[in-house]
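Chain by chain, the residues run as shown.
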Amino acid sequence: IGNETTKLRQKLEVMQANANTMAQEYETKVESDLEAYKRKCSVYREQLLQKEKENAKVEQALYNERKKVLSLEHENETLINVAEEKVGNVMTSERVKSSELKRYK
């Protein structure tokens, strides 16, 4: 019985050592996978930040263009009003001249 117990203990120790080795290998693999995942996340985060910066630049450019358009529209309106006023003045002046010419005839 003593010899069998010793053999069983030895077999148990080998099995325990194998289990410990497997657990250590698994832990190492999980740590490695976790580090790889963290690196991928970091790269993805950097890509997102870059895209956000690019989007902000495009949005700023659009805002600037909208401001230009609004300014040009306002300038157009002003020029149209001035032109209409001048046309009105010219027409009034022409009517006055026409009336004066009729009086002289």
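In short, a report on the structure. (Residues numbered from 1 in each chain as written. Predicted model: local features only at pLDDT ≥ 70, side-chain atom pairs only at ≥ 80, totals over all residues. Heavy atoms only, no water.)

### So, the overall build of the protein chain
Piece 1. Helix and strand content of the protein chain: one helix and zero strands.
Piece 2. Expected size for 105 residues packed as a compact globule is a radius of gyration near 13 Å; at 45 Å, the protein chain overshoots this value by more than 25%.
Piece 3. Considering only C-alpha atoms, the protein chain reaches an extent of 150 × 15 × 10 Å along its principal axes.
Piece 4. Looking at the protein chain as a whole, 0% of its 105 residues are labelled buried.
Piece 5. Element-wise, carbon and sulfur atoms account for 57% of the exposed surface of the protein chain, whose accessible area totals about 10,400 Å².
Piece 6. If the 20 positive side-chain charges of the protein chain are averaged to one point and the 19 negative ones to another, these points end up 5 Å apart. (Helix = DSSP H or I, 4+ residues; strand = E, 2+ residues; numbered from the N terminus. Rg over C-alpha atoms; globule rule 2.2 N^0.38 Å. Buried < 20%, exposed > 50% of the residue type's maximum accessible area, 1.4 Å probe, protein only. Areas by Shrake-Rupley, 256 points an atom, 1.4 Å probe, with all protein chains shown as cover. Lys, Arg positive; Asp, Glu negative; His and termini not counted. Charge placed at Lys NZ, Arg CZ, Asp CG, Glu CD.)

### Details of the pattern of salt bridges
Piece 1. The final tally for this structure, using the stated rule, is four salt bridges.
Piece 2. Of the charged contacts in the structure, one is a salt bridge between Asp-33 and Lys-29, with a shortest N-O distance of 3.0 Å. One end of the pair, Asp-33, and the other, Lys-29, are both in helix α1 (residues 2–104), four residues apart, so they sit about a helical turn from each other.
Piece 3. Among the residues examined, Asp-33 registers a relative accessible area of 39% and is labelled partly exposed.
Piece 4. In this structure, the salt-bridge partner of Lys-38 is Glu-35, at a minimum N-O distance of 3.7 Å. In this pair, Lys-38 and Glu-35 both sit in helix α1, three residues apart, roughly one turn of the helix.
Piece 5. For Glu-35, a relative accessible area of 39% gives the class partly exposed. (Salt bridge = Lys/Arg side-chain N within 4 Å of Asp/Glu carboxyl O.)

### Thoughts on the environment of Glu-13
Piece 1. With respect to the helices, strands and loops of the structure, Glu-13 is situated in helix α1.
Piece 2. Sequence-wise, Glu-13 and Asn-3 are 10 residues apart; in three dimensions their C-alpha atoms are separated by 15 Å.

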